[in-house]
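So you can see what is in the structure, the chains are spelled out below.
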Amino acid sequence: ITISASGMTFSTDIACRFGILVTEAVLLSPSKVACIVPPQSVVGPLNASVVIDGISSLNSTVHVVATRVPHILHSNPQNVRADLETIVQVTGKNFVPNLNVCRFGRVSGASQVLSSTLVSCAVPPQPAGTVELSLASVQGDISSNAISFGYMPSSTVESVVPSVGSGIRGELIDVLGSGFLDGDETRCSLGGDVFVKAHVMTSSAVQCMLPSMSAGTFRVSVTYGAVESEGSVYFAVGKRVEMTGAS
């Protein structure tokens, strides 16, 4: 903490006293002293003073409050488009109202503490990559642990080959475009309801094995977590003709 006063003189023998405990101090200017507050076992008002050359002066009061360290468990989603501003929900424990900053690496966004276990964070755009997500107060006196958070590059779907199929389980399709990212979360999405694992051949081509599908036309996209590719291409499943006999 910083204690402000006037008329302080430079001394090599300067300290801060909190109750009966004495800690280090730094004279920042003739009107400010920086003090290290030691951990306290009792909450409530605590007498504070500056000790210069063995003489206590500048008495003040510090209010000690009980708080637990905020702890993040995970975010939803865990990855976002790097070029878009969006919102993520952060879950954990011991969240307090003055955790009003979400830190994404070196960039910060506003937060809204919804409960002691849930915080909503505004995610600012920044270059693609992985950063550390943490929560803090504006003053910096309270902060949480950090978890990994991903900024994903944008991708675009341009075509699907073939564009028509029979709907039989095991059919392969190649999705062509740009910006595809290889990873465990990369999927082909058909109609936004069917998701299958994608094999990323290059950044411009992925291959997917389809499940059994009913007749219809399905929009095809490539997703990485909650991040979906741009572009509109479609895969059509025709009606199956089943032979019941011959005459």
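Here, the structure is the one placed above.
Here goes a summary of the coordinates provided. Quick caveat, the model's predicted, so the values are computed rather than measured. (Residues numbered from 1 in each chain as written. Predicted model: local features only at pLDDT ≥ 70, side-chain atom pairs only at ≥ 80, totals over all residues. Heavy atoms only, no water.)

### What to know about the pattern of salt bridges
Two side chains with opposite charge may pair up if their charged atoms get near one another. Filter applied, for reference: Definition used for salt bridges: Asp or Glu carboxyl oxygen within 4 Å of a side-chain nitrogen of Lys or Arg. Numbering of helices and strands runs from the N terminus, with a helix taken as a DSSP run of H or I at least four residues long and a strand as a DSSP run of E at least two residues long.
According to the stated counting rule, one finds 3 salt bridges in the structure shown. Put simply, R81 and E230 hold a salt bridge, and the shortest N to O gap is 3.3 Å. Of this pair, R81 sits in strand β8 (residues 79–81) while E230 sits in the loop between β22 (227–228) and β23 (233–237), and the two are 149 residues apart along the sequence.

### Things to note about the state of the cysteines
Applied cut-off: Cysteine sulfur pairs qualify as disulfides if the two atoms are within 2.5 Å. Buried residues are those whose accessible area, probed at 1.4 Å on protein chains only, stays under 20% of the maximum for their type, while exposed residues exceed 50% and partly exposed ones sit between those limits.
This model, assessed by the stated rule, comprises 3 disulfides. Across the disulfide, C16 is cross-linked to C35 (sulfur-sulfur distance 1.9 Å). Where C16 bonds to C35 through sulfur, the torsion about that S-S bond is close to -55 degrees, and the disulfide is left-handed. With C16 in strand β2 (residues 14–18) and C35 in strand β4 (residues 32–35), this pair connects stretches of sequence that are 19 residues apart. Assessed through its relative accessible area of 0%, C16 is described here as buried. With a relative accessible area of 5%, C35 lands in the buried category. Residue pairing for C102: its cysteine sulfur links by disulfide to C121, the two sulfurs lying 2.0 Å apart. Between C102 and C121 the disulfide shows an S-S torsion of about -75 degrees. By sign, it is left-handed. In this pair, C102 sits in strand β10 (residues 101–104) while C121 sits in strand β12 (residues 118–123), placing the two residues 19 residues apart along the sequence. Per residue, the accessibility class of C102 equals that of C121, and both read buried.

### Quick look at the pairing of β4
Basically, it comes down to this: Pairing between strands requires that DSSP locate at least two bridges from one strand to the other.
Taking every second residue as pointing to the same face, the buried face of β4 carries V33 and C35, while none of K32 and A34 on the other face is buried. When strand β3 (residues 21–29) meets β4, the two strands line up antiparallel, connected through 4 bridges. Bridge pairing links L27 to V33 in β4. In this structure, the hairpin formed by β3 and β4 is closed by a connection of 2 residues.

### Regarding the packing of aromatic side chains
The test is simple: The aromatic pairing rule takes the rings of Phe, Tyr and Trp, using the six-membered ring of Trp, and pairs them if the centres are within 6.5 Å, calling planes under 30 degrees apart stacked, those over 60 edge-to-face and the rest tilted.
In this structure the tally under the stated criterion is 2 aromatic pairs. Note on F149 and Y151: the rings are 5.8 Å apart at their centroids and 80 degrees apart in plane angle, and the pair reads as edge-to-face. On the basis of relative accessible area, F149 is assigned to the buried category, the value being 1%. Relative accessible area serves as the criterion here: at 1%, Y151 is assigned to the buried category. Through a chain of ring-to-ring contacts, three or more aromatic side chains come together here, namely F104, F149 and Y151.

### With respect to unusual backbone geometry
Across residues other than glycine, the phi torsion is negative in most instances, and most of the peptide bonds are trans. For the peptide bond that leads from N76 to P77, omega is 0 degrees, which places it in the cis range. Structurally, P77 is set in the loop between β7 (71–76) and β8. The amide bond that connects V161 to the next residue, P162, takes the cis arrangement and shows omega of -10 degrees. One can find P162 in the loop between β15 (156–161) and β16 (164–165). Even without being a glycine, N94 presents a positive backbone phi close to 65 degrees. Summarising the element assignment, N94 is placed in the loop between β9 (86–93) and β10. The partly exposed category is assigned to N94, whose relative accessible area is 23%.

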